Amino acid sequence: MAHAFVDAAAEAGADAVKFQTHIATAESTLDEPFRVRFSRQDQTRYDYWRRMEFSPEHWLGLSDHARERNLVFLSSAFSVEAIELLEKIGVPAWKVGSGEFSSSYLIEAMTATKLPIIFSTGMCTYEDVSRAVHRIVGSGSAIALLQCTSKYPTPLTEVGLNVMNEYRRRFGCPVGLSDHSGTIWPGIATIMRGFDLVEAHLTLDRRMFGPDTTSSLTIAEFRRLSEARSSIWTMDANPIDKDSMARELSTMRSTFTKSVAPSRELSAGTVLTAEMLTMKKPGGGIPESDLPRLVGKRLRRSVNELRILTWDDVQSDS
């Protein structure tokens, strides 16, 4: 199933795939409650972690598979033992889950590696975030902050796009969103505002068993988010010169703009008045700005309303 998610992430156009590395004896006890009691075969959450543990060989296989699919492989570590396991595999960065914001011993173990840290802030106050940033940056590690609301699913009214602006203002580091809304809109809004990262849960199908499917994107939805990322990046990376573009569209301008034309059939010798003149397609003839110059001129030849006027149709001032 985990390998199926690697393929799904690649198919959906993700840049990276992130798992969670849980080692039950290193992070949990029999006293840990279920966030959502979804598991019928596990009496405790500790039992669940034990059943779902992967071996180092499993993690290495997933990491290799991700690289084969041109994905960055990441996994959130919840214990020092998990950090040591993932460091041996060769992850390029660390992800701190929202619940680990106060786990200074984990952050210390991560910063000792000098790898960048992606820090989710779903349960943090601004003071918590500031303390973490100063600790991580002070240790010499780079940091990226993810705004996150630890509700599953997160209502759109509680996504908190404004927090990303505040993070960027206060800390000047890469900023993004870890989204649990189960929709593509927060991610697209994050990309359009020029932020740096979007993380979203992925499900193969919303009918799958588990507590996070309602907070996840399907493969098709994630693909739309990836397409939005690529399209918005392409537009932002290619500014245009408006004047040059207008010159390039000169033929189009001529087709869609208008020129002065008679409002009805007029015979040769008629002295033109304003009510005899109107504007009609195409452009390229006498522009509207020159219409006042035509008033009072005498027609050299008969004209009708189905043709635009030219300067040759009127007598010259001489």
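Remember, it's a predicted structure, so these values are computed and weren't measured experimentally.

Cut-offs and rules
Residues numbered from 1 in each chain as written. Predicted model: local features only at pLDDT ≥ 70, side-chain atom pairs only at ≥ 80, totals over all residues. Heavy atoms only, no water. Helix = DSSP H or I, 4+ residues; strand = E, 2+ residues; numbered from the N terminus. Rg over C-alpha atoms; globule rule 2.2 N^0.38 Å. Buried < 20%, exposed > 50% of the residue type's maximum accessible area, 1.4 Å probe, protein only. Pairing = 2+ DSSP bridges. Right-handed = clockwise from strand over helix to strand, strands pointing away. Salt bridge = Lys/Arg side-chain N within 4 Å of Asp/Glu carboxyl O. Axes fitted to C-alpha atoms, helices over the stretch in contact; angles between N-to-C directions. Parallel < 35°, antiparallel > 145°, perpendicular 65-115°, else oblique. Contact = heavy atoms within 4.5 Å. Nonpolar A, V, L, I, M, F, W, Y, C, P; charged D, E, K, R; others polar. Core = buried A, V, L, I, M, F, W, Y, C linked by side-chain atoms within 4.5 Å. Polar contact = N/O pair within 3.5 Å; in protein donor to acceptor, adjacent residues only side chain to side chain. Expected span 1.5 Å × (residues − 1). Arc of directions from axis to C-beta. Patch = residues over 30% accessible without salt bridge, like charges linked within 9 Å, V, L, I, M, F, W, Y side chains within 5 Å. Areas by Shrake-Rupley, 256 points an atom, 1.4 Å probe, with all protein chains shown as cover. Phe/Tyr/Trp six-rings, centres within 6.5 Å; stacked < 30°, edge-to-face > 60°. Lys NZ or Arg CZ within 6 Å of the ring centre and 35° of its normal.

Participant: Looking at this model, I keep getting lost on the overall build of the protein chain. Mind explaining?
Facilitator: Looking only at helices and strands, the protein chain features 13 helices and 10 strands. The C-alpha atoms of the protein chain give 32 Å as radius of gyration, which overshoots the globular expectation for 318 residues (20 Å, by more than 25%). By its C-alpha atoms, the protein chain is 105 × 45 × 35 Å across when sized along the principal axes. Looking at the protein chain as a whole, 43% of its 318 residues qualify as buried.

Participant: What's the story with the pairing of strand E7 (residues 197-202) in this structure? I'm lost.
Facilitator: The two faces of the sheet receive side chains in turn, since in a regular strand these alternate between them. Sheet analysis places strand E6 (residues 175-179) next to E7, joined by 4 bridges and oriented parallel. In the sheet register, Ser-178 faces E7, and the bridge partner there is Glu-199. For the crossover from E6 across helix H9 (residues 185-192) to E7, the handedness is right-handed.

Participant: Can you help me understand the pattern of salt bridges in this one?
Facilitator: A side chain of one charge can pair with a side chain of the opposite charge if their charged atoms are brought near each other. According to the stated counting rule, one finds 19 salt bridges in the structure shown. Between Glu-11 and Arg-223 there is a salt bridge, and its shortest N-O distance comes to 2.9 Å. Residue Glu-11 is found in helix H1 (residues 2-11), and its partner Arg-223 is found in helix H10 (residues 219-236); the two are separated by 212 residues along the sequence. Take Glu-11: its relative accessible area is 47%, and that puts it in the partly exposed class. Exposure remark for Arg-223: the relative accessible area of 29% places this residue in the partly exposed category.

Participant: Please explain the pairing of strand E1 (residues 16-21) as it appears in this structure.
Facilitator: The alternating pattern of E1 places Val-17, Phe-19 and Thr-21 on a buried face, while none of Ala-16, Lys-18 and Gln-20, on the opposite face, is buried. Of the pairings in the sheet, the one linking E1 to strand E2 (residues 72-77) comprises 6 bridges and is parallel in character. When the sheet's bridge partners are listed, Lys-18 is paired in E2 with Leu-74.

Participant: Hey, could you run me through the packing of H9 against H10 in this one?
Facilitator: One way to put it is that H9 packs onto H10 with a least axis distance of 10 Å and a crossing angle of 10°. When the axes of H9 and H10 are compared, the pair comes out roughly parallel. Where H9 abuts H10, its residues Trp-185, Gly-187, Ile-188, Ile-191 and Met-192 lie against Arg-224, Leu-225, Ala-228, Arg-229 and Ile-232. For the contact of H9 with H10, a count of residues per class yields 7 nonpolar, 1 polar and 2 charged.

Participant: Help me understand the nonpolar core in this model?
Facilitator: Soluble globular proteins: nonpolar side chains tend toward being buried together. Core analysis: the biggest nonpolar cluster contains 57 residues, and Phe-19, Leu-71, Phe-73, Leu-86, Phe-119 and Leu-145 have the highest contact counts within it. For Leu-86, the contacting residues outside a window of four places in its chain are Thr-21, Phe-73, Ser-75, Ala-77, Val-91 and Trp-94.

Participant: Help me understand the environment of Arg-206, please; the structure alone is not making it clear to me.
Facilitator: Assignment of secondary structure puts Arg-206 in the loop between E7 and strand E8 (216-217). Of note is the side chain of Arg-206, whose polar atom sits 2.9 Å from the backbone oxygen of Gly-182.

Participant: Any chance you could explain helix H4 (residues 56-68) here in plain terms?
Facilitator: For an α-helix, the turn length of 3.6 residues means that residues three or four places apart are oriented alike. The end-to-end C-alpha separation of H4 is 18 Å, in line with the 18 Å expected for 13 residues at 1.5 Å each. Of all the positions in H4, only Trp-59, Leu-62, Ser-63, His-65 and Ala-66 are classed as buried. The buried residues of H4 occupy an angular sector of 160° when the element is viewed end-on, so they sit on one face. Residues of H4 that are exposed and point more than 90 degrees away from the buried face comprise Glu-57 and Glu-68. Within two residues after H4, Asn-70 carries a phi angle of roughly 60°, on the positive side.

Participant: Teacher, can you tell me more about a nonpolar patch on the surface here?
Facilitator: Residues Leu-249, Met-252 and Phe-256 make up a contiguous nonpolar surface patch of about 300 Å² in total accessible area. By the secondary structure assignment, Met-252 is in helix H12 (residues 250-256).

Participant: I would appreciate a short explanation of the side chain of Thr-213 in the present structure.
Facilitator: In this fold, Thr-213 is placed in the loop between E7 and E8. Residues contacting Thr-213, with those up to four places away along its chain left out, are Thr-203, Asp-205, Arg-206 and Met-208.

Participant: I tried to follow helix H8 (residues 161-171) on my own but got confused; where do I start?
Facilitator: Within H8 the residues assigned to the buried category are Val-163, Met-164, Glu-166, Tyr-167 and Phe-171. Down the axis of H8, the smallest arc covering the buried residues is 160°, so these residues share one side. Seen from the buried face of H8, the exposed residues on the opposite side, beyond 90 degrees, are Asn-162 and Arg-169. If you follow the buried residues of H8, they end up packed against helix H7 (126-138), strand E5 (143-148), E6 and H9. Two residues or fewer after H8 comes Gly-172, characterised by a positive phi angle close to 60°.

Participant: I'm lost on the packing of aromatic side chains in this one. Help?
Facilitator: The description of an aromatic ring pair rests on the distance of the ring centres and on the angle between the ring planes. Considering all chains together, one arrives at 7 aromatic pairs under this definition. Seen in terms of ring centroids, Tyr-48 and Trp-49 are 5.3 Å apart; in terms of plane orientation they differ by 50°. Their pairing is tilted. Taken individually, Tyr-48 and Trp-49 each receive the classification buried, so the pair is uniform in this respect. Three or more aromatic residues link up through ring pairs in this structure, and these residues are Phe-19, Phe-54, Trp-59 and Phe-73. Here the guanidinium or amino end of Arg-170 rests over the ring plane of Tyr-126, the centre of that ring lying 4.1 Å away.

Functional significance is not addressed by these values, which are geometric in nature.
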